[in-house]
Amino acid sequence: MRTARTAAAVLAVIALAAGCSGSGGKDSEDDSGGGAGGGKSVDTPRLKIAMVTHAGAGDTFWDIVQSGAKQAAAKDNVQFLYSNDKEAKGQAELVQSAIDKKVDGIVVSLAKPEAMKDVLARARTAGIPVVTINSGSEFSKDFGALSHIGQDESVAGEAVGEELSGRGLKKTLCVIHEQGNVSLEQRCAGVKKTFGGSVENINVEGTDAPSAQSAIEAKLQASKDIDAVVTLGAPIAALAVKAKEDAGSKAEIDTFDLNAEVVKRLKAKEVGFAVDQQPYLQGYLAVDELWLNAYNANTLGGGKPVLTGPQIITEKDVPALEKYTARGTR
C-alpha cells in the first residue's frame, strides 16, 4: 500500500508538471544554472527555494540531489539556492540564513534532527513551508514539514542484511562515515536485524579519504574472517575496494548509494551490489512539491513519507543505468 501511494504521488507530479511545462512562459532565470534538459518554465510567480543539507566535502550523492533540484527549479520558475555544512550547528545557521532571506520554501536534510528542531520552528513561525529529504523521516512531521522524501533507512538496511545472507556471507563490517548521523546508524542496525551472521560497526572520517581507507584496511588486516564490507556512501566504496586490496582481504565490498564510480566497479565485479535511493528524485520532488504547494496547495503522499528507495543494484543492472550515472542523474 505504501509503495502504491508513493508511485501514485510521483505519477501525479509528473502529469501535472508536464501539463504546466507546456503552457508557455519565459525562459528559466534559475541562478543555479539549471539542470539536465532545458526548455520553457511555467508562467507562475517566481519563487525562491533554499536547500540546506549536511553534505560533507566530496560526497557525490549530493551532486545528484542538486541535479534533480535544479531541473525542477528550471521548470518551475524557481530561483534555487543551495548550501551545506556537515556540522549540525553550521547547518542550522544556514537554515536561519534562508529564513532571513525570506525564501518561499526550504528543503532540509535531518541527519542530526535535534539541531534542526528550533530553527525549523522559526521557519514555521515565518510562514515558510519546509520539505525534509534523505534523513530523519521520523522527525519530519513533528518538525512541521509538509512531507519527507527519501528511503526508510531501517528498511534499506534490512534489505542489505537479507541480500548478504542470500550470498552466504558470515561476518560483515558496516562502515559509518559520519558519527552522529541517525540515518547511517539506522542502516547498520537494519543490516544487523536481518543478517544471518555477525555485524560489527566501524566509524571513519568520511571527509578524510586517506584516514578512512587506512582505518578500513587496518580492520581487515586484524580480522581476517570479515567476508563482507558494507559502506554507507558511494565515495567510501572506492576507498573500501583499495583497502581490501592493500589488506590482502577477500571480503566482498557492497555499498549504499550509486554514482558513476560505483557502476564502474559493479561492472568490474569489484563491488557486489549497491542500494539506490534515487537522490535525483529526492531533489526534484522536493522542489516540485514546494512549487505545487504554492501553486495548488498540494502535498505529496498526503503528508506521509514519499519513498524513493531502496532498490538493490547489481552487475546485471549496469547496462540500463550507466548512461544515467555518467550524466550525473542516477
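Model, not experiment: these values are computed from the prediction.

A. Representation of the state of the cysteines within the structure. This structure, assessed with the given rule, holds 1 disulfide. A disulfide bridge connects C174 with C188, and the sulfur atoms are separated by 2.1 Å. Between C174 and C188, the disulfide has an S-S torsion of -90° and is therefore left-handed. Remark: C188 occurs in helix α7 (residues 182–194) and C174 occurs in strand β6 (residues 171–176); sequence separation between them is 14 residues.

B. Fine view of the packing of helix α3 (residues 88–100) against helix α4 (residues 114–125). α4 packs onto α3 with a crossing angle of 5° between their chain directions and a minimal axis gap of 9 Å. Classified by the interaxial angle, the pair formed by α3 and α4 is roughly parallel. On α4, the residues that touch A88, Q91, A92, V95, Q96 and I99 of α3 are A115, M116, V119, L120, R122 and A123. Partitioning the contact of α3 with α4 into residue classes produces 9 nonpolar, 2 polar and 1 charged.

C. Quick peek at α7. Over its 13 residues, α7 extends 19 Å from the first C-alpha to the last, a length consistent with the 18 Å expected when each residue adds 1.5 Å. Buried within α7 we find V182, S183, L184, Q186, R187, C188, G190 and V191. Here α7 starts with a cap whose side-chain oxygen sits 3.0 Å from the backbone nitrogen of S183, and that cap is N181.

D. Representation of the sheet that holds strand β4 (residues 130–133) in the model. If you walk across this open sheet you meet the 6 strands as β2-β1-β3-β4-β5-β11, and the pairing is parallel. Edge positions in the open sheet fall to β2 (78–84) and β11 (306–309), since each of these has one partner strand only. Within the sheet, the average angular offset between the axes of one strand and its neighbour, ignoring direction, is 20°. Bridge count between strand β1 (residues 47–53) and strand β3 (residues 105–109): 4 bridges; the pairing is parallel. For M51, the partnering residue across the bridge sits in β3 and is V107. The sheet strands contacting helix α2 (residues 61–75) are β1, β2, β3 and β4, and the helix crosses β2 at an angle near 165°. Relative to the sheet, helix α11 (residues 279–296) contacts β1, β2, β3, β4, β5 (148–151) and β11, its axis offset from that of β5 by approximately 165°.

E. Examining the sheet that holds strand β9 (residues 252–256) more closely. Judged by pairing direction, the sheet is mixed, and its 6 strands sit side by side in the order β7-β6-β8-β9-β10-β12 without closing on themselves. Edge strands, defined here as strands with exactly one partner in the open sheet, are β7 (198–203) and β12 (311–313). Ignoring which end each strand starts from, the neighbouring axes of this sheet average 25° apart. As paired strands, strand β10 (residues 274–276) and β12 are joined by 3 bridges and run antiparallel to one another. Within the sheet, the bridge partner assigned to D276 lies in β12 and is Q311. Contacts from helix α6 (residues 153–166) reach β6, β8 (228–231), β9, β10 and β12 within the one sheet, and its direction differs from that of β9 by about 160°.

F. How the structure looks around the layout of surface pockets. Empty space within the largest pocket amounts to approximately 500 Å³. Mapped onto the lining of the largest pocket, the elements with two or more residues apiece are α2, α7 and α9 (234–247). Tallied by class, residues from the lining of the largest pocket come to 11 nonpolar, 13 polar and 9 charged. Counted as a void, the second largest pocket has a volume near 240 Å³. As for the second largest pocket, its lining consists of 21 residues, and the residues nearest its centre are S137, E138, S140, H148 and P305. Considering every element that reaches the lining of the second largest pocket, the biggest residue donor is helix α5 (residues 137–140), with 3 residues. A class-by-class count of the residues in the lining of the second largest pocket yields 3 nonpolar, 12 polar and 6 charged.

G. The pairing of β5, seen in detail. As defined by bridge partners, β4 adjoins β5 across 2 bridges and the pair is classed as parallel. In the sheet register, T132 faces β5, and the bridge partner there is H148. Strand direction decides the pairing type here: β5 and β11, joined by 3 bridges, are parallel. Within β11, the residue paired with Q151 across the bridge is G309.

H. Up close: the side chain of T314. Positionally, T314 belongs in the loop between β12 and α12 (318–326). What T314 contacts, discounting residues up to four positions off in sequence, is R167, L266, G272 and F273.

I. Geometry of the packing of aromatic side chains. Across all of its chains, the model carries 4 aromatic pairs by this definition. Here F139 and F143 contribute two aromatic rings whose centre-to-centre distance is 6.0 Å and whose plane-to-plane angle is 40°, an arrangement assigned as tilted. Classification of F139 by relative accessible area gives partly exposed; the value is 23%. Since its relative accessible area comes to 6%, F143 is described here as buried.

What counts and what doesn't
Residues numbered from 1 in each chain as written. Predicted model: local features only at pLDDT ≥ 70, side-chain atom pairs only at ≥ 80, totals over all residues. Heavy atoms only, no water. Disulfide = S-S within 2.5 Å. Helix = DSSP H or I, 4+ residues; strand = E, 2+ residues; numbered from the N terminus. Axes fitted to C-alpha atoms, helices over the stretch in contact; angles between N-to-C directions. Parallel < 35°, antiparallel > 145°, perpendicular 65-115°, else oblique. Contact = heavy atoms within 4.5 Å. Nonpolar A, V, L, I, M, F, W, Y, C, P; charged D, E, K, R; others polar. Expected span 1.5 Å × (residues − 1). Buried < 20%, exposed > 50% of the residue type's maximum accessible area, 1.4 Å probe, protein only. Polar contact = N/O pair within 3.5 Å; in protein donor to acceptor, adjacent residues only side chain to side chain. Pairing = 2+ DSSP bridges. 1 Å grid on protein atoms, 1.4 Å probe; cavity = no way out; pocket = protein on both sides within 12 Å on 5 of 7 lines; lining within 4 Å. Points joined across faces, edges and corners; volume = space filled by probe spheres on them. Phe/Tyr/Trp six-rings, centres within 6.5 Å; stacked < 30°, edge-to-face > 60°.

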